[in-house]
Amino acid sequence: MAGVNKVILIGNLGKDPEVRHLDNGASVANFSIATTETYKDRNSGERVDQTEWHNIVLWRGLAEVAEKYLKKGDSVFIEGKLRTRSWEKDGVTRYTTEVVGDQMTMLGGKKSGDDAGQSSNYSGNQSSSQGTAAASQTPDTNSEMDDLPF
């Protein structure tokens, strides 16, 4: 039976992407994103935040988009797969697990307030100039037509 290796994350960048341009012309971007879950502690009743950090790797066109548009604190959707690699340093084998993204969506729009709510979607199969942009719409929560039975 075939396996499935799929990761979907929405989080905020912990640092600006570090982008390297390799000799073969390919670009690779590395950065980390934080995802935070909030729950209520059963004993104390207090709200508790639990943050996980994820190492992200983007290649080629996605790396170029990340270099051009992503900054620390930006909200981003990443879809990809887990990859674990190892290397040896000072006689000790070290391991790291990272998410190799094949799709990225920038969330939150421009920081200046212009076009607030705009998101851009980029796929690993597209070059950076072929990214698609779509405006997200906020539903009207005061609408009387919102009488859904479920």
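Residues numbered from 1 in each chain as written. Predicted model: local features only at pLDDT ≥ 70, side-chain atom pairs only at ≥ 80, totals over all residues. Heavy atoms only, no water.

1. Let's talk about the nonpolar core
In this structure, Phe-31, Ile-33, Ile-56, Leu-58, Leu-70, Ile-78 and Met-104 are the most contacted members of the largest nonpolar core, which totals 18 residues. Among the secondary structure elements, those contributing two or more residues to this core are β1 (7-13), β3 (27-40), β4 (47-59), α1 (60-69), β5 (75-89) and β6 (92-107). The biggest single contributor to this core is α1, with four residues. (Core = buried A, V, L, I, M, F, W, Y, C linked by side-chain atoms within 4.5 Å. Buried < 20%, exposed > 50% of the residue type's maximum accessible area, 1.4 Å probe, protein only. Helix = DSSP H or I, 4+ residues; strand = E, 2+ residues; numbered from the N terminus.)

2. So, the confidence of the model for the protein chain
Interpretation of this model should avoid reading the predicted coordinates in detail wherever pLDDT is low. The predicted model of the protein chain has a mean per-residue pLDDT of 80, with 72% of residues at 70 or higher. When the criterion is pLDDT under 50, residues 112-119 qualifies, and its contacts beyond four places in sequence or with other chains add up to 15 contacts. Contacts for the low-pLDDT stretch residues 125-146, under 50 throughout, to residues beyond four places or in other chains number 18 contacts. (pLDDT = per-residue confidence, 0-100. Contact = heavy atoms within 4.5 Å.)

3. Let's talk about the side chain of Ser-32
Considering the arrangement of structural elements, one finds Ser-32 in strand β3. Given a relative accessible area of 12%, Ser-32 falls into the buried group.

4. Re the pattern of salt bridges
As enumerated under the stated definition, the model contains four salt bridges in all. Between Arg-83 and Glu-98 there is a salt bridge whose closest N-O contact spans 2.4 Å. Of this pair, Arg-83 sits in strand β5 while Glu-98 sits in strand β6, and the two are 15 residues apart along the sequence. Classification of Arg-83 as partly exposed rests on a relative accessible area of 30%. Using a relative accessible area of 6% as the deciding quantity, one classes Glu-98 as buried. We note a salt bridge from Glu-98 to Arg-85, for which the minimum N-O separation is 2.7 Å. Of the two residues, Glu-98 sits in strand β6 while Arg-85 sits in strand β5, which places them 13 residues apart along the sequence. Bridged by salt links that share partners, the residues Arg-83, Arg-85 and Glu-98 form one connected network. (Salt bridge = Lys/Arg side-chain N within 4 Å of Asp/Glu carboxyl O.)

5. With respect to unusual backbone geometry
With a phi angle near 50°, Arg-60 is a residue other than glycine that sits in the positive phi range. Structurally, Arg-60 can be placed in helix α1.

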